[in-house]
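Below, each chain spelled out in residue letters.
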Amino acid sequence: MGKFEGGKVVGSVDLDRNFTLWSAFSGASFRRKIIKAIRCGSGIPQKQTNKPVKKKQPGSNKLSELLKHPEFRENEEEVRKKEEALEELKRVAKKLQQESNSEINVLEGARDVRRLTKEDSEARTTLALLGVVPPLVAALDAEDPTSQTQIAALYALLNLAIANDANKTAIVKAGAIHEMLKLVNSSNESPKQSVAEAIVANFLGLSALDSNKQIIGSSGAIPFLLETLKDFNENISSQAKKDSLRALYNLSILPSNVVLMLETDLIPLLLSKLGDVDASERILSILSNVVSVAEGRKAIRIVPDAFPTLIDVLNWTDSPGCQEIVLYILMVIIHKSYGDRLVMIEAGIASSLLELTLLGSTLAQKRASRILECLRVEKGKQVSGGLGSGLSAPLCGPSPTHQTEELLEGENDMLSEERKAVEQLVQQSLHDNVKRMMKRANLPQDFDASHHFKSLSSSSTSKSLPF
């Protein structure tokens, strides 16, 4: 053990390394024991006081015992393992960065990166800092007829991007999107299934970062994802199709990408696939972003039977999430377009909305009530003032002629008949739907359904509809 002589510590014990070990890894109580032992036995001067200092027993033996403590040995072993892991990461990075590198080295290096970064977040950060991203992106352009190098590089990049936004940014900046699409479009033949699925998985991970959405969307990735989703030859796995939908959803969050999506036949395809229970919620999530753009609402409107298809989702009692999303879609469309409201009424939306106000989830009930109120108010405006605005008398000038008065009386008679018909339709619709909903909800026979619908029907006069 070293001693303090002449203002210096002399001796052969490696204090620096031991100090690093116990200060980095040992607990506070363990460090205090070592400090006490050093001060007691190594001759380190204590604070000078006028009080007499009691003579202490030499503590060199105590320090030696502490350094041999199992906790200290375990921490030293942990440091050794970390040093070995770092050296391995450096070797992998060096293997990928060698000039005039062989295909075997690149393939092995890519596989090593994939293996090391699968579940180790620190390895992802360290390898990116060591510069493995550019050579991995370059490996996507390798001339490998078996595509093994490209597949290994794709999955290495995929793992590097997991839960690491800095790596996502670095991968896109290194030109990975362009190289991936080159693999897809390099020949007239379709890309190999394993390559296509790896690219889809990368687009899904990279598109999760907002700053990457525009780059990926404008690069031409949307048509590729759409083709993967179609997969008429059924060469793509179901997981890859789910990843395509999720990637399209990520991209649709950006309005400029929605416009690019509308240049394809994505909307008709999505509506045609709404019957797929596993994919429907994700499809509706994409459509909920599409309706935020005027062109998107128009694209949905022109698809044959689009509204009946969407309204049918309201009856999926086992999918409350889908009901809530489709209500949002219809709510946005109804708010923006009067003509679409009439189409929805004709498609029978009223009965489904009335049912949801009673049997739907809390969010579905709120959204259904809002749509009903909007339809009721607008129908009331149409009934009460549809013809009056075009026949209003001038502010000044001659009084209405006898012929004009007769015309107005005839129109009032027609309006009165329409009101009666509307009122009858409303009452019949309420009666039928209440009976059906009570049966489905297994409500007691003495349940007062009229009280529940009082807020809907109280303002239902000859001038308005309760839907």
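Just so it is clear, the structure is predicted and the values come from calculations on it, not from any experiment. (Residues numbered from 1 in each chain as written. Predicted model: local features only at pLDDT ≥ 70, side-chain atom pairs only at ≥ 80, totals over all residues. Heavy atoms only, no water.)

### Considering the overall build of the chain
Right, on to step 1. For the chain, the helix and strand inventory stands at 26 helices and two strands.
Right, on to step 2. Looking at the chain as a whole, 41% of its 467 residues qualify as buried.
Right, on to step 3. Long-range contacts, defined as pairs at least 24 residues apart, comprise 68% of the intrachain contacts of the chain with a sequence gap of at least 6.
Right, on to step 4. For the chain, the exposed area adds up to about 26700 Å²; of that, 51% sits on carbon and sulfur atoms. (Helix = DSSP H or I, 4+ residues; strand = E, 2+ residues; numbered from the N terminus. Buried < 20%, exposed > 50% of the residue type's maximum accessible area, 1.4 Å probe, protein only. Contact = heavy atoms within 4.5 Å. Areas by Shrake-Rupley, 256 points an atom, 1.4 Å probe, with all protein chains shown as cover.)

### Points about the packing of helix α20 (residues 320-336) against helix α21 (residues 338-346)
Right, on to step 1. Between α20 and α21, the shortest axis-to-axis distance is 6 Å and the interhelical angle comes to 130 degrees. Classed by the angle they form, the pair α20 and α21 counts as oblique. For the pair α20 and α21, the contacting residues are Leu330, Ile333, Ile334, His335 and Lys336 in the first and Tyr338, Asp340, Arg341 and Met344 in the second.
Right, on to step 2. The class makeup of the residues in the contact of α20 with α21 is five nonpolar, one polar and three charged. (Axes fitted to C-alpha atoms, helices over the stretch in contact; angles between N-to-C directions. Parallel < 35°, antiparallel > 145°, perpendicular 65-115°, else oblique. Nonpolar A, V, L, I, M, F, W, Y, C, P; charged D, E, K, R; others polar.)

### A look at the nonpolar core
Right, on to step 1. Formed by 103 residues in total, the largest nonpolar core has its most connected members in Leu136, Leu284, Leu287 and Leu310.
Right, on to step 2. Ranked by the residues each element gives to this core, the list is headed by α20, at ten residues.
Right, on to step 3. Contacts of Leu310, omitting those with residues within four sequence positions, involve Leu271, Leu274, Leu284, Leu287, Ile300, Val326, Ile329 and Leu330. (Core = buried A, V, L, I, M, F, W, Y, C linked by side-chain atoms within 4.5 Å.)

### Remarks on the packing of aromatic side chains
Right, on to step 1. For the coordinates displayed, the defined rule picks out one aromatic pair.
Right, on to step 2. A centroid spacing of 6.0 Å and a plane angle of 85 degrees characterise the contact between Phe203 and Phe224, whose relative ring orientation is edge-to-face. On the criterion of sequence distance, the pair formed by Phe203 in helix α11 (residues 193-207) and Phe224 in helix α13 (residues 221-230) is long-range, its members being 21 residues apart.
Right, on to step 3. Its relative accessible area of 0% is what places Phe203 among the buried residues.
Right, on to step 4. You can call Phe224 buried: its relative accessible area is 9%.
Right, on to step 5. Here the basic side chain of Arg114 rests over the ring of Tyr155, its NZ or CZ set 4.3 Å away from the ring centre. (Phe/Tyr/Trp six-rings, centres within 6.5 Å; stacked < 30°, edge-to-face > 60°. Lys NZ or Arg CZ within 6 Å of the ring centre and 35° of its normal.)

### Let's talk about the pattern of salt bridges
Right, on to step 1. This structure, assessed with the given rule, holds 16 salt bridges.
Right, on to step 2. With a shortest N-O distance of 2.0 Å, Glu77 and Arg80 are connected by a salt bridge. Of this pair, Glu77 and Arg80 are both found in helix α4 (residues 70-97), three residues apart, which corresponds to roughly one turn of the helix.
Right, on to step 3. We classify Glu77 as partly exposed; its relative accessible area is 32%.
Right, on to step 4. Residues participating in the shared-partner salt-bridge network are Glu88, Lys95, Glu108, Asp112 and Arg115. (Salt bridge = Lys/Arg side-chain N within 4 Å of Asp/Glu carboxyl O.)

### Observations regarding helix α17 (residues 277-290)
An α-helix turns once per 3.6 residues; consequently, residues spaced three or four apart project the same way.
Right, on to step 1. With 14 residues, α17 extends 20 Å between its outermost C-alpha atoms, agreeing within 8% with the 20 Å of an ideal straight helix rising 1.5 Å per residue.
Right, on to step 2. With respect to burial, α17 is a largely interior element, ten of its 14 residues being buried.
Right, on to step 3. For α17, the elements touching its buried residues are α14 (238-252), α15 (255-261), α16 (266-272), α18 (294-301), α19 (306-313) and α20.
Right, on to step 4. Between the side-chain oxygen at the start of α17 and the backbone nitrogen of Asp278 there is a gap of 3.2 Å, and the oxygen is on Asp276. (Expected span 1.5 Å × (residues − 1). Polar contact = N/O pair within 3.5 Å; in protein donor to acceptor, adjacent residues only side chain to side chain.)

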